[in-house]
Amino acid sequence: MIRVLLADDQALIRNGIRMLLESEDGIEVAGEAADGRQAVALAREHRPDIVLLDIQMPVLDGIEATRQIAGDEELAAVRVVILTNYGLDEYVFRALRAGASGFLLKDTEPADLLQALRVVMRGDALLSPAVTRQLITEFVARPPDALGTAGLEALTNREREVVALAAHGLSNDEIAASMVLSPTTAKTHISRAMTKLGARDRAQLVVFAYQSGLVSARSPG
């Protein structure tokens, strides 16, 4: 059962998503929030698997709400997925850096939204190849982050290679084939890298890879 907390200041949007989710076997709506502060409070109260969070919320915006949820050790298992009208803009970019696992457009097809929830539950990044390219462009325009570079030193060469491939959007099976490893070994390297970096999921690994300068738009892949 995937438990989802809905957070949007527009009741019509919440109602529509709730009706969709409640019609699907294996998904349960754990609660609804009309502003960012309420979203954080309900996340702490209900411990949902996923928070679907509007980026532009009253009282506390989606970025700060994401930061508070992602930064709460007791909510380490909670994934935040940003809802937006505008695609990958500065707000979404900042939310990903704050700890979001990905984002969805509000006009996403119902079937795609349901699939997206399952993708996030598997621990995969909800970032399409097109979005990853936009992220690359955004990060290339910025200098490497000092903290990200420091984190790089904690990784073995093999872990750096795995993280770089993950940042290019490869699945565990594809990483395994590329590096001539078993899928289990590839997954182990990913897990160890995430632990060392304090990354919640693959979206965080993607952010780290570009933030640290481990990969760039000029990298092969």
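Only a predicted model underlies this, so the values are computations on that prediction, with no experimental measurement involved.

**Points about helix H3 (residues 62-70)**
Gly62, Ile63, Ala65, Thr66, Ile69 and Ala70 are the residues of H3 that are buried. Down the axis of H3, the sector holding all buried residues measures 165°, keeping them to one side. Where H3 begins, the capping side chain belongs to Asp61, and its oxygen is found 3.0 Å from the backbone nitrogen of Ile63.

**A few points about the sheet that holds strand E3 (residues 50-54)**
Pairing is parallel in the open sheet, where five strands are placed in the order E2-E1-E3-E4-E5. Single-partner strands in this sheet number two, and they are strand E2 (27-33) and strand E5 (102-105). If you compare each strand with its neighbour and ignore which way they point, the axes differ by 25° on average. The pairing of strand E1 (residues 2-7) with E3 spans four bridges and is classified as parallel. Across the sheet, Leu5 pairs through a bridge with Val51, a residue of E3. Most of the contacts of H3 go to E3, to which it runs at about 160°, and overall it touches E3 and strand E4 (79-84).

**Considering the environment of Asp9**
Note on placement: Asp9 falls in the loop between E1 and helix H1 (11-22). Residue class for Asp9 comes out partly exposed when judged on its relative accessible area of 36%. Along the sequence, Asp9 and Gly36 sit 27 residues apart, while their C-alpha atoms lie 8.7 Å from each other. Once residues within four sequence positions are removed from consideration, Asp9 is found in contact with Arg14, Ala34, Asp54, Gln56, Met57 and Pro58.

**Considerations on the environment of Val163**
Mapped onto the elements, Val163 comes out in helix H8 (residues 157-167). C-alpha of Val163 to C-alpha of Ile190: the two residues are 27 residues apart in sequence and 6.8 Å apart in space. The residues touching Val163, leaving out its near neighbours within four places in the chain, are Leu155, Ala193, Leu205, Phe208, Ala209 and Leu214.

**Re the UniProt feature "modified residue: 4-aspartylphosphate" (unreviewed entry) in the chain**
Taking the numbering used here, the UniProt-annotated feature "modified residue: 4-aspartylphosphate" (unreviewed entry) corresponds to Asp54. Accessibility expressed as a relative area gives 4% for Asp54, which makes it buried. When residues no more than four places from it in sequence are discounted, the contact partners of Asp54 are Ala7, Asp8, Asp9, Gly62, Leu83 and Lys106.

Procedures and definitions
Residues numbered from 1 in each chain as written. Predicted model: local features only at pLDDT ≥ 70, side-chain atom pairs only at ≥ 80, totals over all residues. Heavy atoms only, no water. Buried < 20%, exposed > 50% of the residue type's maximum accessible area, 1.4 Å probe, protein only. Helix = DSSP H or I, 4+ residues; strand = E, 2+ residues; numbered from the N terminus. Arc of directions from axis to C-beta. Polar contact = N/O pair within 3.5 Å; in protein donor to acceptor, adjacent residues only side chain to side chain. Pairing = 2+ DSSP bridges. Axes fitted to C-alpha atoms, helices over the stretch in contact; angles between N-to-C directions. Contact = heavy atoms within 4.5 Å. UniProt positions renumbered as here; feature names shortened; annotations may be inferred.

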